[in-house]
Amino acid sequence: MSIESEVLAVSAAWDAALVRNGAQAVAAFMADGWAYVGPTGATPKDDIVGWIASGQLAHHTMEIVGDARVAAYGESVIVTARKQSSGSWNGVSFTADEWISEMYVRSDGRWLCVLSHKCPVEP
């Protein structure tokens, strides 16, 4: 299996964990210093995991639209893809159509995401 295939499989497993809304399972895919960067800036891992654990944030669906771009640079890989998802935030339903870039590094024989960046798809 190529590095690119390995990381795509990890990314898909992480998406599945997000849809199951298991906070600890989600956290296992993130490096300790992981952050999500979006329109309001950077959000640390502990915030996201806490929101999932409390039920404040829940995902119902998440899927890649089209093909992902995967670029390996030694022990680092960047995945860029269009993802569509649905869920709820504070009990209010949402849908999202976003471009996401995720940076993975190999640590102790496994791939961990160190950064996720999302921006909305323009209509």
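Residues numbered from 1 in each chain as written. Predicted model: local features only at pLDDT ≥ 70, side-chain atom pairs only at ≥ 80, totals over all residues. Heavy atoms only, no water.

## Overview of the packing of aromatic side chains
We apply this condition: Pairing of aromatic rings covers Phe, Tyr and Trp, the last counted by its six-membered ring, and requires centre-to-centre distances within 6.5 Å; plane angles under 30 degrees mean stacked, over 60 mean edge-to-face, and any other angle means tilted. For helices the rule is a DSSP run of H or I covering at least 4 residues; for strands it is a run of E covering at least 2, with both sets numbered from the N terminus onward. Only protein chains enter the accessibility calculation, which uses a 1.4 Å probe; a residue whose area is less than 20% of its type maximum is buried, one above 50% is exposed, and one in between is partly exposed.
With the rule as written, the count across this model stands at four aromatic pairs. Centroid distance Trp14 to Tyr104: 6.4 Å. Interplanar angle 85°. Geometry classified as edge-to-face. Taken together, the positions of Trp14 in helix 1 (residues 3-20) and Tyr104 in strand 5 (residues 92-107) put the pair 90 residues apart, joining distant regions of the chain. An identical accessibility class is assigned to Trp14 and Tyr104; each is buried. Measuring from centroid to centroid gives 5.0 Å for Trp51 and Trp89, while their planes differ by 80°, and the two rings are edge-to-face. One end of the pair, Trp51, is in helix 3 (residues 45-54); the other, Trp89, is in strand 4 (residues 76-89), with 38 residues separating them in the sequence. Here Trp89 falls in the partly exposed class, since its relative accessible area comes to 32%. Members of the aromatic cluster, each reached through a chain of ring pairs, are Trp14, Phe29, Trp34 and Tyr104.

## Regarding the environment of His117
Counted only if it meets this: Contacts were defined at the residue level, with two residues in contact if any of their heavy atoms lie within 4.5 Å.
Tracing the sequence through the fold places His117 in strand 6 (residues 110-120). Taking the C-alpha atoms as reference points, His117 and Leu18, 99 residues apart in sequence, are found 16 Å from one another. Contact partners of His117, with chain neighbours within four places excluded, come to Val37, Trp99, Ile100 and Ser101.

Taken by themselves, the reported measurements are silent on function.
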